[in-house]
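Next come the chains, spelled out residue by residue.
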Amino acid sequence: MMMEARACLLGLVAFLTCKEAVQFGDAFSLTTQPLKQHRQLDRTKNLAQNTQRQFHLYQSNDDNPTDAIGGELVTALARLDKQWELARSTNGKTKIGEWTVMDLKEASDSTTSPEIVYLLEPASGGAPSCVILFLGGAVLGQFPHIAYSTFLKRVAERTNAAVVAIPYEVGLDHFGIAQKAVSRMKSAVVECEDSRGYSSSLPKYAIGHSLGCKLHSIGVAATGIGEELAGVGFVSFNNFGFAETITMARSFANEMDLGGNTGFQGGGGGPAPFDALFDLASMAIGAVGLEFTPSPDDLDRIVKTKFNEDVLKKIRMFKFDDDDLDSSTRFLNCFEEGEEPVSVSNLPGTHLSPVFLKLGVDDLDLPEEARVMADAATGGFQNASFGNEEVLDTLVKEVSDWMLGKSPSSSSSSSSSSNTS
C-alpha cells in the first residue's frame, strides 16, 4: 500500500502538471496565435492522457482516490487539519498558546469565501513582543498551522512573538498569490491592533520557506512593505522555474523515502518507473512553454531594481547544507559586491528541515465521544511523523537569534556565501 501511495503521488504530479498546463492555456493563450496554441494544447492533452494511463497502472483499485491527491504527506496534513478543526469546534474555545482561525472577511459580506489566516499568540498569555508574518512552501503552505506548527511555536516561545500564518493554494500566478498574501497580512495586523490591543509599534518580521520566500520578495518589491518590517527571513529560498519544479517534486519524493520519517516513510519494494512519469510531465511543460509569473529571470530583475540597501540589511538567508532545491546563491548574485551584504546562516539539514510533524488524535484535546467522529472524518487516520527534531531545533535557535539581533553562527555575508551551492 505504501508503494502504491508513492506511485499515486508521483503519477499525479505528472498528470496534474499536464492538467494545469491545459487550464492555463485555455484561460490566457487562446487569444494570441490561436492555431499554434491549439496544436500545443492538443499535444499537452495527449501527454496528459498518456500520463494518466501510466498512473493508473500503479494505482490499486482498492485505493481511496483522495489518498492520491498530493501524495501521502499532503493527505496526512489534510486529515490532521480535519482533526484539528474537529477538536476546535468540539471544545468551543482555544487554549492559550494554540492556533486560532481569523476570518478577515467583512461580517456583512456573504458573497465571498472566507479570508483565513492562522494566529498563534504567546503561550504566556501576555502581550507579544513582536509579530511574525509567515508564508510556507508550496502545498505545505496551505496547512501552515499543521506543517510548520512545531517550528513556529518554538520560535515564538523563544522570542515572545505572535505569529500570523497565511495559507495559500499553489498556482502559476505568483504575483496574484503574493498580492492576496500581503493584503491578508495587513488586514490581520490591523485586526490584531483593533480587537486584541496589539501596539502598532510592535516589530514585524516576514519569514518564508521555499516558495514562501519568493512570495515575500514579490510583496516587498511591489508594495514597499519592506519599510515597515524589522526583518525578512528567507529559509531555503526557492526561485525555480516551472520545469525545475518537477525536479523539486522528485527530490521531495526521495526525501519521503528516507529513514526516520515513519509516518510517511515508504515501505521499500524496489524501484518503480517514477522517472518516466516525471519525464512525461517535463515533456508536457516543454510543449506549451509554460512558466510561473514572475519567471525566475523576471524575479531576478525585480529584486535587482526594487531591493535597496535598507531592505538588504534587513534580510537573513537560512541555507541548509544538503539542499539542492535552494536558490539562495542566485538571489545573492543579483547584487554587486559593493552593495549592502545580505547575512547568511549556513545550517545542517535539507529543504524540508522546517517541517516537523509528530501529531495525531492523541495530541488533540478531544473528548472521548468526539474521537469516533474524528476517526470517521479522517478515514481512520491516527497520526503522522516527519522530520528531524535535532535539525529543526538548530534552525529554531538560529532564526530566534537573528530576530534578537545576533549575527549568523556561520558565514557572515553574501560575499562569503555567493560561491557556495
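Just above sits the structure.
First things first, this report covers the structure right here in the doc. In this text, all values refer to a predicted model and were calculated from it rather than measured experimentally. (Residues numbered from 1 in each chain as written. Predicted model: local features only at pLDDT ≥ 70, side-chain atom pairs only at ≥ 80, totals over all residues. Heavy atoms only, no water.)

Concerning the nonpolar core
Put simply, the rule is: What makes a nonpolar core is a set of buried Ala, Val, Leu, Ile, Met, Phe, Trp, Tyr and Cys residues whose side-chain atoms join them at distances within 4.5 Å. Using a 1.4 Å probe on the protein chains alone, a residue whose accessible area is under 20% of its type maximum counts as buried, one over 50% counts as exposed, and one in between counts as partly exposed. The way it works is that DSSP assigns letters per residue, a run of H or I at least four long becomes a helix, a run of E at least two long becomes a strand, and they are numbered from the N terminus. Note on contacts: a residue pair is in contact if any heavy atoms of the two residues lie within 4.5 Å.
Counting residues in each nonpolar core, the largest one holds 47 residues, and the members touching the most others are Val-164, Phe-234, Phe-307, Ile-315, Met-317 and Phe-331. When residues in this core are grouped by element, the largest group, eight residues, is from helix 6 (residues 174-195). Among residues more than four places away in sequence, those in contact with Val-164 are Val-117, Tyr-118, Leu-119, Val-131, Ile-132, Leu-133, Phe-134 and Ala-188. Counting 35 residues, the second largest nonpolar core, distinct from the first, contains Phe-134, Val-155, Tyr-205 and Phe-356.

Comments concerning the packing of aromatic side chains
Condition: Centres within 6.5 Å are what make two rings of Phe, Tyr or Trp a pair, Trp counting through its six-membered ring; a difference in plane orientation under 30 degrees is then read as stacked, over 60 as edge-to-face, and the rest as tilted.
Summed over all chains, the structure comprises ten aromatic pairs. Taken together, the aromatic side chains of Phe-234, Phe-237, Phe-307, Phe-331 and Phe-335 make up a single cluster linked through ring pairs.

Some details on the packing of helix 6 against helix 7 (residues 211-223)
Worth spelling out the cut-off: Structural elements are reduced to axes, namely lines fitted to C-alpha atoms, with helices fitted over the stretch in contact, and the angle between N-to-C directions of any two is expressed from 0 to 180 degrees. Each angle gets one of four labels, with under 35 degrees taken as roughly parallel, over 145 as roughly antiparallel, 65 to 115 as roughly perpendicular, and the rest as oblique. Note that Gly is not counted as nonpolar here; it falls among the polar residues with everything else outside the nonpolar set of Ala, Val, Leu, Ile, Met, Phe, Trp, Tyr, Cys and Pro and the charged set of Asp, Glu, Lys and Arg.
Following both chains from N to C, one finds helix 6 and helix 7 inclined at 75 degrees, their axes separated by 9 Å at the closest point. Between helix 6 and helix 7, the crossing angle belongs to the class labelled roughly perpendicular. Taken together, the residues of helix 7 that come into contact with helix 6 (itself represented by His-174, Phe-175, Ile-177, Ala-178, Val-182 and Met-185) are Leu-211, Lys-214, Leu-215, His-216, Ile-218, Gly-219 and Thr-223. Broken down by class, the residue content of the contact of helix 6 with helix 7 amounts to eight nonpolar, four polar and one charged.

Thoughts on helix 5 (residues 149-159)
For helix 5, the full list of buried residues reads Ser-149, Thr-150, Phe-151, Leu-152, Val-155, Ala-156 and Thr-159. Buried positions along helix 5 lie against strand 1 (99-103), strand 2 (116-120), strand 3 (130-135), helix 4 (144-147), strand 4 (161-165) and helix 14 (389-403).

Things to note about the pairing of strand 4
A regular strand places its side chains on the two faces of the sheet in alternate fashion. For clarity, the threshold we go by: Strand pairing is assigned whenever DSSP detects at least two bridges linking the two strands.
In terms of residue burial, strand 4 counts as a mostly covered element, since five of its five residues are buried. Burial along strand 4 is two-sided: the face carrying Ala-161, Val-163 and Ala-165 and the face carrying Ala-162 and Val-164 are both buried. As defined by bridge partners, strand 2 adjoins strand 4 across three bridges and the pair is classed as antiparallel. Bridge pairing in strand 4 places Leu-120 opposite Val-163.

A few points about the pattern of salt bridges
What counts, and what does not: Think of a salt bridge as a Lys or Arg side-chain nitrogen and an Asp or Glu carboxyl oxygen that are within 4 Å of each other.
Evaluated as defined, the whole model comprises ten salt bridges. Note that Lys-153 and Glu-98 form a salt bridge whose closest N and O atoms lie 2.7 Å from each other. Remark: Glu-98 occurs in the loop between helix 3 (71-91) and strand 1 and Lys-153 occurs in helix 5; sequence separation between them is 55 residues. Residue Glu-98 is classed as partly exposed on the basis of its relative accessible area of 34%. Between Glu-121 and Arg-196 there is a salt bridge, and its shortest N-O distance comes to 2.8 Å. Of this pair, Glu-121 sits in the loop between strand 2 and strand 3 while Arg-196 sits in the loop between helix 6 and strand 5 (204-209), and the two are 75 residues apart along the sequence.

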